[in-house]
Amino acid sequence: MLHAIKHGLRNLFNVNGRDARQTFWYYALFLLLLRWIAGTLAAVPLMRSTMTTAFDATRNSADPDATATAVQANITAALPHLMVLGIVIGLISMAMLLASLVRRLHDANLSGWFVLLPGVPYLLALAAAPSQVAHTMEVMQRGAHQPGVMLHETNWSVAALGWLAFALLVALAVRPSTPGANRYGPQPLDGQV
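Conventions adopted
- Residues numbered from 1 in each chain as written.
- Predicted model: local features only at pLDDT ≥ 70, side-chain atom pairs only at ≥ 80, totals over all residues.
- Heavy atoms only, no water.
- Phe/Tyr/Trp six-rings, centres within 6.5 Å; stacked < 30°, edge-to-face > 60°.
- Helix = DSSP H or I, 4+ residues; strand = E, 2+ residues; numbered from the N terminus.
- Axes fitted to C-alpha atoms, helices over the stretch in contact; angles between N-to-C directions.
- Parallel < 35°, antiparallel > 145°, perpendicular 65-115°, else oblique.
- Contact = heavy atoms within 4.5 Å.
- Nonpolar A, V, L, I, M, F, W, Y, C, P; charged D, E, K, R; others polar.
- Buried < 20%, exposed > 50% of the residue type's maximum accessible area, 1.4 Å probe, protein only.
- 1 Å grid on protein atoms, 1.4 Å probe; cavity = no way out; pocket = protein on both sides within 12 Å on 5 of 7 lines; lining within 4 Å.
- Points joined across faces, edges and corners; volume = space filled by probe spheres on them.
- Polar contact = N/O pair within 3.5 Å; in protein donor to acceptor, adjacent residues only side chain to side chain.

Undergrad: What exactly am I supposed to notice about the packing of aromatic side chains here?
TA: On inspection of all chains with the given rule, the structure shows three aromatic pairs. Relative to Phe166, the ring of Trp163 lies with its centre 5.8 Å away and its plane at 90°, an arrangement referred to as edge-to-face. Residue Trp163 and its partner Phe166 are located together in helix 6 (residues 156-173), separated by three residues, close to a single helical turn.

Undergrad: Explanation requested: the packing of helix 1 (residues 2-10) against helix 2 (residues 21-60) in the structure shown.
TA: Packed helices, taken two at a time, are described by the angle their axes make and the gap between the axes. Helix 2 packs onto helix 1 with a crossing angle of 80° between their chain directions and a minimal axis gap of 8 Å. The angle between helix 1 and helix 2 falls in the class roughly perpendicular. Taken together, the residues of helix 2 that come into contact with helix 1 (itself represented by Ala4, Ile5, His7, Gly8 and Leu9) are Thr23, Tyr26, Tyr27 and Phe30. A class-by-class count of the residues in the contact of helix 1 with helix 2 yields six nonpolar, three polar and no charged.

Undergrad: Would you mind going over unusual backbone geometry with me for this structure?
TA: Peptide bonds are, in most cases, trans, and in most cases residues other than glycine have a negative phi. Of note in the backbone geometry, Asn109 takes a positive phi value of approximately 65° without being a glycine. Assignment of secondary structure puts Asn109 in the loop between helix 3 (64-107) and helix 4 (116-141). In this structure Asn109 comes out as partly exposed when scored by relative accessible area, which is 33%.

Undergrad: Looking at this structure, I do not really get the layout of surface pockets. What am I missing?
TA: It is a probe the size of a water molecule, rolled over the atoms, that shows where empty space is left. Approximately 1,500 Å³ is the volume attributed to the largest pocket. Lining the largest pocket are 38 residues, with Arg35, Gly86, Tyr122, Leu126 and Gly162 positioned closest to its centre. Breaking the lining of the largest pocket down by element, the ones donating at least two residues are helix 2, helix 3, helix 4 and helix 6. The element best represented in the lining of the largest pocket is helix 3, accounting for 11 residues.

Undergrad: Got a minute to help me understand the side chain of His106 in this structure?
TA: Here His106 shows up in helix 3. Residue classification places His106 among the buried residues on the basis of a relative accessible area of 7%. A distance of 3.4 Å separates the side chain of His106 from the backbone oxygen of Val15, its partner in a polar contact. Those residues in contact with His106, other than ones at most four positions away along the chain, are Val15, Gly17, Arg18, Ser111, Gly112, Asn182 and Tyr184.

This is how it looks when you write it as structure tokens:
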């Protein structure tokens with residue numbers, strides 16, 4: 001696994017050659033874990049602030065609605081910052097995966113331009129994120145405390161774009177390798193890069 005990660009990092013901008021399935025998926029798993037860690041670390045200050053707000057509001061008032069309003073105000077204030085950070089993390093992880101996916105496509109004897117199939121929906125989802133966050137903030141500011149209201153009013157098309165990008169990425173990356181050499185180079189061996 002470490003060889004695949006080192007190979008992916010050494011070849012961040014190299015779209016020539018081929019990557020075996022195992023090499024690609026180990027590297028993709030590494031990037032997914034990095035993204036999860038970065039997102040978690042980014043959310044820790046919000047969680048801390050929200051919990052502090054909730055405890056302070058509960059301590060100062062017995063009214064559950066006042067506590068909920070204070071917590072929602074805290075989250076609403078942090079959403080734009082989290083959105084920007086999420087977009088940055090998304091763009092960085094996409095850039096780090098791009099060359100490896102192109103090499104993986106080459107291994108299946110496909111043009112690297114097929115990277116646009118998952119790339120375009122993913123970029124559209126990232127581009128739509130600010131309006132989605134603005135909509136979420138609007139719903140929260142209206143004080144929708146009823147269960148399910150927030151989910152019902154969420155723009156599912158943005159989430160669908162993200163899942164479509166993921167499904168296309170998986171569909172392209174699981175394709176079998178071309179046996180032997182192809183127009184992109186010799187066949188890589190799984191686990192050896």
